[in-house]
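A look at the structure
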Amino acid sequence: MSGAHFNARQLALLAGLTLVWGLNWPIMKFGVTHFAPLSFRALSMWIGLPVLWLAVRGLGQPLRIARRDWPELTRLTITNMIVWHVLAILSVQALSSGRAAILGYTMPVFSALWGMALFGQRLAARQLAGVAAAAIGVALLLWHELGRMSGKPWAAGGMLLSAAVWALGTQQLRRTRMEAPTLAIVFWMTTLTTLVMTVLAAALEHERWQAPAPGVWAAIVFNAVLIFGFAQPVWLYLARALPPVASTLSVMLIPVLGTLSGAWWLSEQLHWQDFAAIVLMLAAIASVLLPSRAARPAQSS
């Protein structure tokens, strides 16, 4: 499997995605600490849906999904969004924001395993090195958290399960035969997920419903506009346009940013292992962003 080549537009979108998703981990942690988590996510999605609709219509993209594609769309929604959003929002309430992000971004390792086990995917040496660097970086970032997480195994397990299912969804999305534009797929996947989150929130959290405080409203709006209106569509575009390992490793700076922003905002302590992990994450990103030696002559010719 050869390395992917990011164009300037994809690199700009990747930078914005990394910034928004990285900063959102402590913001999301703050929100679910002061508001019921499933309801927090459902409110964010209901506000974000019109933003996403306006973006799709503003770009002149059709929203129609062929009838034959709805079963596949439903399967992709489950693996790419529903499992991730339900388990992650419940787990982050019990974990530190940075460590929840780190567990979630074990996803590239799972993606490589799914690719080899189910799709016969074989990775180049530099991609294998990138996956290994990401795995070691995750282990270092979790160095001081294993004892704390052992008291909340369901939360750590929930984040790992959500990462594994999300990785499977990324592999499936790259191989979808749906002919609909990516933004149409994103819109209807978000709509289906919003309905599921609303039903779960009403069934499990209706007794905890209350008016959100101003700070919680700010976190909800951040998630609505920047996560569901921007980051989620950008991620699914990259996941569909690029090989799975390339798209997954390219976002490995997100858990680093989540850890650093959590330390700054929520006073979560940093250690030398965190800085060593940053170097490894950068190496993982470089394994897919930097052109290979074989590609450089072709680009210059």
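Residues numbered from 1 in each chain as written. Predicted model: local features only at pLDDT ≥ 70, side-chain atom pairs only at ≥ 80, totals over all residues. Heavy atoms only, no water.

This part is about the side chain of serine 261. Structurally, serine 261 can be placed in helix α12 (residues 253–266). A polar side-chain atom of serine 261 sits 2.8 Å from the main-chain carbonyl oxygen of leucine 257. Among the polar contacts listed, one links the side chain of serine 261 to the backbone oxygen of glycine 258, at a separation of 3.2 Å. Those residues in contact with serine 261 that sit more than four places away from it in its chain are Gly22, Leu23, Pro26 and Leu266. (Helix = DSSP H or I, 4+ residues; strand = E, 2+ residues; numbered from the N terminus. Polar contact = N/O pair within 3.5 Å; in protein donor to acceptor, adjacent residues only side chain to side chain. Contact = heavy atoms within 4.5 Å.)

Further remarks concern the packing of helix α2 (residues 37–58) against helix α10 (residues 214–241). At a closest axis distance of 8 Å, the pairing of α2 and α10 adopts a crossing angle of 50°. Looking at the two axes, α2 sits oblique to α10. Relative to α10, α2 is oriented so that their crossing is right-handed. Counting all contacts with α2, which are made through Phe40, Arg41, Leu43, Ser44, Met45, Ile47, Gly48, Val51 and Leu52, the residues of α10 involved are Val216, Trp217, Ala219, Ile220, Asn223, Ala224, Val225, Phe228, Gly229 and Pro233. Here the contact of α2 with α10 is built from residues that sort into 14 nonpolar, four polar and one charged. (Axes fitted to C-alpha atoms, helices over the stretch in contact; angles between N-to-C directions. Parallel < 35°, antiparallel > 145°, perpendicular 65-115°, else oblique. Left-handed = near helix turned anticlockwise from the far one by under 90°. Nonpolar A, V, L, I, M, F, W, Y, C, P; charged D, E, K, R; others polar.)

This part is about the packing of aromatic side chains. This model, assessed by the stated rule, comprises eight aromatic pairs. The interplanar angle of 80° and the centroid separation of 6.0 Å between the aromatic rings of tryptophan 21 and tryptophan 166 together place this pair among those described as edge-to-face. Remark: tryptophan 166 occurs in helix α8 (residues 153–174) and tryptophan 21 occurs in helix α1 (residues 8–33); sequence separation between them is 145 residues. A residue is classified by how much of its surface remains accessible, and tryptophan 166, at 3% relative accessible area, is buried. A network of ring pairs unites the aromatic residues Trp21, Trp25, Trp84, Tyr105, Trp166 and Trp235 as a single cluster. Its guanidinium or amino end placed over the ring of tyrosine 237, arginine 9 lies 5.2 Å from that ring's centre, counting from NZ or CZ. Its guanidinium or amino end placed over the ring of phenylalanine 119, arginine 175 lies 4.2 Å from that ring's centre, counting from NZ or CZ. (Phe/Tyr/Trp six-rings, centres within 6.5 Å; stacked < 30°, edge-to-face > 60°. Buried < 20%, exposed > 50% of the residue type's maximum accessible area, 1.4 Å probe, protein only. Lys NZ or Arg CZ within 6 Å of the ring centre and 35° of its normal.)

Moving on, we get to empty space enclosed by the protein. One pass over the structure, following the stated rule, counts one cavity of 30 Å³ or more. Volume-wise, the largest cavity comes out at about 90 Å³. Lining the largest cavity are Trp21, Asn24, Trp25, Met28, Arg41, Trp84, His85, Tyr105, Trp166 and Ile227. Listed by contribution, the elements that provide at least two residues to the lining of the largest cavity are α1 and α3 (70–91). The element best represented in the lining of the largest cavity is α1, accounting for four residues. (1 Å grid on protein atoms, 1.4 Å probe; cavity = no way out; pocket = protein on both sides within 12 Å on 5 of 7 lines; lining within 4 Å. Points joined across faces, edges and corners; volume = space filled by probe spheres on them.)

The next subject is the packing of α1 against helix α4 (residues 97–104). In the contact formed by α1 and α4, the axes pass within 8 Å of each other and the chain directions differ by 120°. One finds that α1 runs oblique with respect to α4. Here α1 runs over α4; the crossing is right-handed. Contacts between α1 and α4 involve Trp25, Pro26 and Lys29 on the former and, on the latter, Ser97, Ala100 and Ala101. Partitioned by chemical class, the residues of the contact of α1 with α4 number four nonpolar, one polar and one charged.

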